[in-house]
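Results of the structural survey
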There are 2 protein chains.
Amino acid sequence: MSILIKNGWIVTQDGKRRIINGDVYIEENLIVDIGKIKVEAEYVIDATNRIVLPGLINTHTHVGMTDMRGLADDVSLDNFLQIMWKEEGERGKEDIYRGAILGIKEMLRTGTTTFVDMYSDEDVIARACKDLGIRGYLGWAVVDEELTTQEGDPLKNAESFIREYRDDDLVTPLIAPHAVYTCSEETLLKSQEIAEKYGTLITMHISETRREVYDHRKKTGMRPVEWLSKIGFLSENLIGVHLVWLTLHEIKLLAERDVKVSHNPTSNMKLGNGGAMPLVEMLDHGLTITLGTDSAVSNNNLDMFEVMKFASLLHKNERWDASVTNAQMIVDFATINAAKALGLNAGSIEEGKLADIIIMNPEPSGIPLEKNRLISHIVYSLNGLNTEYTIVNGKIIVAQGKFLNEKED
Amino acid sequence: MSILIKNGWIVTQDGKRRIINGDVYIEENLIVDIGKIKVEAEYVIDATNRIVLPGLINTHTHVGMTDMRGLADDVSLDNFLQIMWKEEGERGKEDIYRGAILGIKEMLRTGTTTFVDMYSDEDVIARACKDLGIRGYLGWAVVDEELTTQEGDPLKNAESFIREYRDDDLVTPLIAPHAVYTCSEETLLKSQEIAEKYGTLITMHISETRREVYDHRKKTGMRPVEWLSKIGFLSENLIGVHLVWLTLHEIKLLAERDVKVSHNPTSNMKLGNGGAMPLVEMLDHGLTITLGTDSAVSNNNLDMFEVMKFASLLHKNERWDASVTNAQMIVDFATINAAKALGLNAGSIEEGKLADIIIMNPEPSGIPLEKNRLISHIVYSLNGLNTEYTIVNGKIIVAQGKFLNEKED
C-alpha cells in the first residue's frame, strides 16, 4: 500500500529536530519521501492543521492485565502485589487475551505504535498484537522455578517463545526476568545466556521501591544495581525498568554498561513509591531515557501523552526547578530514544525509517497551532485521545479516531 | 426545554455518594427526577455504557490568557511572570476575548460546567461566557493602583463590574485581589469592603512560592496567611488559591475562618514551585478543598480530569504513601466541594439541583465499565476528551463531542 500524508506539521525527530510543514509519502512499510511531494497514492490523508509525529514507544507495560484496572487503587506496592497475585491466580489464557486486546486497542487509539511487554503467556499477547497490528517487543517473564505459576520451567518457556517469534515481522521476543526479589543469581545468568544465544534484549524491574533496595542489601550486602553489576548482568541490551532508588555510584555503573532506562513516572507516583528517579544525574551521565506507562492497574491508562506530561512535571516539582526538564527532551524519550533502546529503525520521520506514524488533531487544547509551540503542545496540552490516525508498519490502523477494520458503534 | 438522560451510570455525588443505573430528567434548568423514569422529553440522550457525572467545577483559571499557552514553558515562576507581563502589555480586549473563547470552549468540551476566573477585563470574559453558555464566577483582578495596567482604579472597575452582573443568570461577579506582593493592606481591606457590600466572594493567590513567603516575612515579619489573619482578611467567603507553603499554624488560621482552598497541582508542578500543598493536614483540619487548572499558560490545558489525576498522584508521591488520597475524595474536590465553596446549588445530581451535568464515554481507557470501578476510572483513567455531552443550566452545549450550535468541520 502507499499512503500520502498531506500538508501537516511534521515533527521529524531527526538529528536536527526539524519541524517541516509538508507531506510524508509511505510505500509498503517504509517512509519514502518527506517535503512537498507530488505523487499518486492509494490512500491520501489531509493533515492540514494536524501534528504528524513518530508513533510513540511505550517501553514498559503488562498489557494482559488491562482488564484488571481499577481493582487495586490507593494502596502501596506491597498491598498492590498481594491483590494482583490473588487475582492473577484465577486467570486463564483467554482472560489474558481479552486484557491484551483492550490494552493494545487503547494504545493504538492513543498514539502508541510500539510497546515493550513483560508477562507470562506472551504467546497470547503475540496473537493479540498480530490480530490488531501493533509492534510488540514481548518479554516472557521469568522468576525462580519455585515461585512461578507458569506451567513448566519459565526459562524454557521463554526460550521456546523466543525461537517461535524471532523472525516475526511485528513481534520481537525478549526475555524478562522479573526482579531481584523473584530471581536468583542463577536465574538471572541463565536468562542472560538465553538472550545472548538468540541476540535478544532483556528487560527487568530494578530498584522500584525502597523496600526492594533495603531487602536486597540485607540479603547480599549490596544494593540491586551494585549486585547486578557484580554478577555481570548489566549490559547495553538490558532495559532496566523504574530505577527510582539509585545512588550516584549505581548511576555510574549503569552508564558504564550503557543500560537503557524505562522511566514510569505515573505508576511510581500512583503507587506512592516516593522520591523520584534521579533523572538529572542520569542524563548527566549520558543514560538513554525512555518512558513507559506500566500496567493499566497501576496507572490506570496506557496513554503515553499523559506519561510525557507526568515525566516532565514530576522532576520540575521534585527539584523545585522548572528548567530541569523541557518538552523536546521528553518527546525524545518517547520516540527516538526508545527506538535506540530497542534497536528499532523507527522513532523519527525520515526517509528509510519504518512507517510508524501518528497524526494528532490539536483541538481543543493544542491551539493556537504554531510551529514554535508544537513541541510544548505535544507534552503539556494534548492527550492520547487527540490521536486521529495511527499508522504501524505502513498500515493505517486508526483513522479519524476509529479502528479502520471495525464497524461504527 | 426538557431532557431525559436514559440508562446511564449516574454518579450522584449525593450525601451517600450513591451510584445508580438509571435515568435523569431535566426541566428548564433543574434536575427534576432521578431513577427509572417514564416521561416524554424534548431531547432524549441514550447514556447506555456511559458515566453521568455532575459537571466539573474549575475553581481557578485566567481564561483570557488561553491563546498564550506554550509561550512560557520550562521556566520558574519569576521568569514566567516576566514573560507574561511583557506579552500582556501588548494585548487588547479583543485578544482577551479570543483567549476566553478558546479556553471556555476547551472547558466545555472537556467536562467543566463552571469556572472561577481571575483577570482584569472580566466584562469581556462575561461576554464570552454568555456567548458560549458556561457558568462563570468572574473575579475582577485588583492590584495596587501604581502597579496596574488597567484604565482607571482597579477597585472602582471591580465594583462597577459587580454592579453590572450581580443579577445575571450565568455570570456571578466577585473580586480578586491578586496577591500579597501586589496588594497593600489598604487595597485588600477595600476589596473586602466591596465584597461585603455586594455579598460576593473573594479569590486571591496565597503562598504559591517560597519566594513569596520569604519576601513577605522580610517585609512584615509575618508569613502571608499569618498577616492576612492579623489584618482581618480571612473569611468563609475567601477562596485562597495555591496555598502551597503553609505552616500548621497557618492551616489552623485558615480552618478557624473556614477559608476555601483552590488546589492547582498541575500548575504548581509545572512551575517547579516545589513541595506540595499540605493536603493531609488541611483535610485533618476540615478545610474545604477544591481544584483548579490555573491558566493554560502554566498547565498547559484546562482539563479538570487531568488535574484530578495530578492531585491524587502528587500527594501519594510526596508522602511516599498511596493511601493518603483516594479517588472518591478527589471527585468530591472537583464537584460537591467546589459547589459548596461557591454557594452554588450544583455539584451533585439530585432533585432540585441545577442541571449542570456531563456524560462520559469511557472508551478506550475506562473499560471494563463496572459499578465498583467508576470512581477510579473518573480520576485515574479518563481525560476530558472522554466527555460526550456537556449540559449547563439545563442547556445541551456539547453533544457527541461537538458543539451543538456549530457546524461540522
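Residues numbered from 1 in each chain as written. Chains lettered and ligands numbered in written order. Predicted model: local features only at pLDDT ≥ 70, side-chain atom pairs only at ≥ 80, totals over all residues. Heavy atoms only, no water.

Quick look at the overall build of chain A now. A count of helical and extended segments in chain A gives 13 helices and 17 strands. Its C-alpha atoms give chain A a radius of gyration of 20 Å, within 12% of the compact-globule value 22 Å for 409 residues. Each of the three principal axes of chain A carries a C-alpha extent, and together these read 65 × 45 × 40 Å. Classification of the 409 residues of chain A by burial places 67% in the buried group. In chain A, of all internal contacts separated by at least 6 residues, the share reaching a separation of at least 24 is 71%. Carbon and sulfur atoms make up 46% of the accessible area of chain A, which totals about 14600 Å². A gap of 3 Å separates the mean positions of the 43 positive and 62 negative side-chain charges of chain A. (Helix = DSSP H or I, 4+ residues; strand = E, 2+ residues; numbered from the N terminus. Rg over C-alpha atoms; globule rule 2.2 N^0.38 Å. Buried < 20%, exposed > 50% of the residue type's maximum accessible area, 1.4 Å probe, protein only. Contact = heavy atoms within 4.5 Å. Areas by Shrake-Rupley, 256 points an atom, 1.4 Å probe, with all protein chains shown as cover. Lys, Arg positive; Asp, Glu negative; His and termini not counted. Charge placed at Lys NZ, Arg CZ, Asp CG, Glu CD.)

Across all of its chains, the model carries 7 aromatic pairs over all chains by this definition. Aromatic side chains F310(A) and F310(B) sit 3.8 Å apart centroid to centroid with 10 degrees between the ring planes, which places their arrangement in the stacked category. A residue pair is termed interchain when its members come from two chains, as with F310(A) in helix α11 (residues 304–319) and F310(B) in helix α11 (residues 304–319). For the pair F310(A) and F310(B), a shared accessibility class is recorded, and that class is buried. By way of ring pairs, the aromatic residues W140(A), F161(A) and Y165(A) are connected into one cluster. Note that R127(A) overlies the ring of Y97(A), its terminal NZ or CZ placed 4.3 Å from the centroid. (Phe/Tyr/Trp six-rings, centres within 6.5 Å; stacked < 30°, edge-to-face > 60°. Lys NZ or Arg CZ within 6 Å of the ring centre and 35° of its normal.)

Following both chains from N to C, one finds α11(A) and α11(B) inclined at 45 degrees, their axes separated by 12 Å at the closest point. The orientation of α11(A) with respect to α11(B), classified from their angle, is oblique. In this structure, α11(A) meets α11(B) at a crossing whose hand is right-handed. Contacts between α11(A) and α11(B) involve E306(A), K309(A), F310(A), L313(A), L314(A), N317(A) and E318(A) from the former and E306(B), K309(B), F310(B), L313(B), L314(B), N317(B) and E318(B) from the latter. Of the residues belonging to the contact of α11(A) with α11(B), the class tally is 6 nonpolar, 2 polar and 6 charged. (Axes fitted to C-alpha atoms, helices over the stretch in contact; angles between N-to-C directions. Parallel < 35°, antiparallel > 145°, perpendicular 65-115°, else oblique. Left-handed = near helix turned anticlockwise from the far one by under 90°. Nonpolar A, V, L, I, M, F, W, Y, C, P; charged D, E, K, R; others polar.)

Glancing now at the domain arrangement of chain A. Residues and elements named next belong to chain A. As assigned here, chain A comprises domain 1 (2–55 + 347–403) and domain 2 (56–342). Summarising the inter-unit geometry, the C-alpha centres of domain 1 and domain 2 are found 28 Å apart. Counting from both sides, the interface comprises 31 residues of domain 1 and, opposite them, 32 residues of domain 2. Both faces combined, the contact of domain 1 with domain 2 buries some 2500 Å², and carbon together with sulfur accounts for 62% of it. Of all residues in domain 1, V379, Y380 and F403 bury the most surface against domain 2, accounting for 24% of the area lost on that side. The tally of links between domain 1 and domain 2 comes to 2 salt bridges. (Domains from an automatic or database assignment. Buried area = accessible area lost by both parts, 1.4 Å probe. Salt bridge = Lys/Arg side-chain N within 4 Å of Asp/Glu carboxyl O.)

So, on to the nonpolar core. Of all hydrophobic cores here, the largest spans 210 residues; its most connected members are I104(A), L228(A), M308(A), I104(B), L228(B) and M308(B). Apart from the residues within four sequence positions on either side, M308(A) is in contact with L56(A), L291(A), I330(A), V331(A), A334(A), I378(A) and V379(A). One finds I3(B), V24(B), I391(B) and A399(B) within the second-largest nonpolar core, a separate group that totals 18 residues. (Core = buried A, V, L, I, M, F, W, Y, C linked by side-chain atoms within 4.5 Å.)

Once chain B is rotated about the relating axis by 180 degrees and shifted along it by 0.0 Å, it coincides with chain A to within an RMSD of 0.0 Å. Put plainly, the chains are arranged around a two-fold axis. The rotation axis passes nearest to the C-alpha of L385(B) in chain B, at a distance of 3.2 Å. Taken as a fraction of all interface residues of chain B, those also at the interface in chain A reach 100%, which identifies the copy contact as same-surface. (Least-squares fit on C-alpha atoms with pLDDT ≥ 70 in both.)

A few words on the interface of chain B and chain A. Frequently, the measure chosen for interface size is the accessible area removed from exposure when the parts meet. On the side of chain A, 56 residues touch chain B, which itself brings 56 residues to the contact. In this assembly, chain B packs against chain A so that about 4400 Å² is buried in total across both faces, 58% of it on carbon and sulfur atoms. Per-residue buried area on chain B facing chain A is highest for D74(B), N317(B) and W320(B); these three make up 16% of the total on that side. Between chain B and chain A we count 4 salt bridges in total. Two residues, E306(B) and K309(A), come together in a salt bridge whose shortest N-O distance is 2.4 Å. Applying the counting criterion to the chain B and chain A interface returns 31 residue pairs in polar contact (both at pLDDT 80 or more). Elements with a contribution of two residues or more to the side of chain B that touches chain A: α2 (93–109), α9 (265–270), α11 and α13 (374–381) of chain B. Looking at the side of chain B that touches chain A residue by residue, the classes come out as 18 nonpolar, 23 polar and 15 charged. (Polar contact = N/O pair within 3.5 Å; in protein donor to acceptor, adjacent residues only side chain to side chain.)

The subject of this paragraph is helix α4 (residues 154–165) of chain A. All names here are of chain A. Counted at 1.5 Å a residue, the expected span for α4 with its 12 residues is 16 Å, and the 17 Å between its end C-alpha atoms agrees. Every buried residue of α4 is accounted for by P154, L155, N157, A158, E159, F161, I162 and Y165. Those residues of α4 that are buried are in contact with α3 (122–132), β8 (135–142), β9 (171–177) and α5 (185–198). Of the residues that open α4, the one with a side-chain oxygen 3.0 Å from the backbone nitrogen of L155 is D153. (Expected span 1.5 Å × (residues − 1).)

Our next topic: the side chain of T203(A). Residue and element names in this part refer to chain A. In this structure, T203 sits in strand β10 (residues 202–206). T203 sits in the buried class, given a relative accessible area of 0%. Reaching out from T203, the side chain makes a polar contact with the backbone oxygen of I239 at a distance of 2.9 Å. The residues contacting T203, other than those within four sequence positions of it, are V116, M118, L174, I175, A176, P177, L238, I239 and V241.

With that settled, consider the pairing of strand β1 (residues 2–11) of chain A. Residues and elements named next belong to chain A. Counting buried positions along β1 gives 8 out of 10 residues, so the element sits mostly inside the fold. With 8 bridges joining them, β1 and strand β2 (residues 19–27) adopt antiparallel strand pairing. Across the sheet, the residue bridging to S2 is E27, located in β2. Judged from the 4 bridges that link them, β1 and strand β4 (residues 43–46) form a sheet pairing that is parallel. Bridged to L4 within β4 is V44. Inspection of the sheet shows β1 paired to strand β5 (residues 51–54) by 2 bridges, in the parallel sense. (Pairing = 2+ DSSP bridges.)

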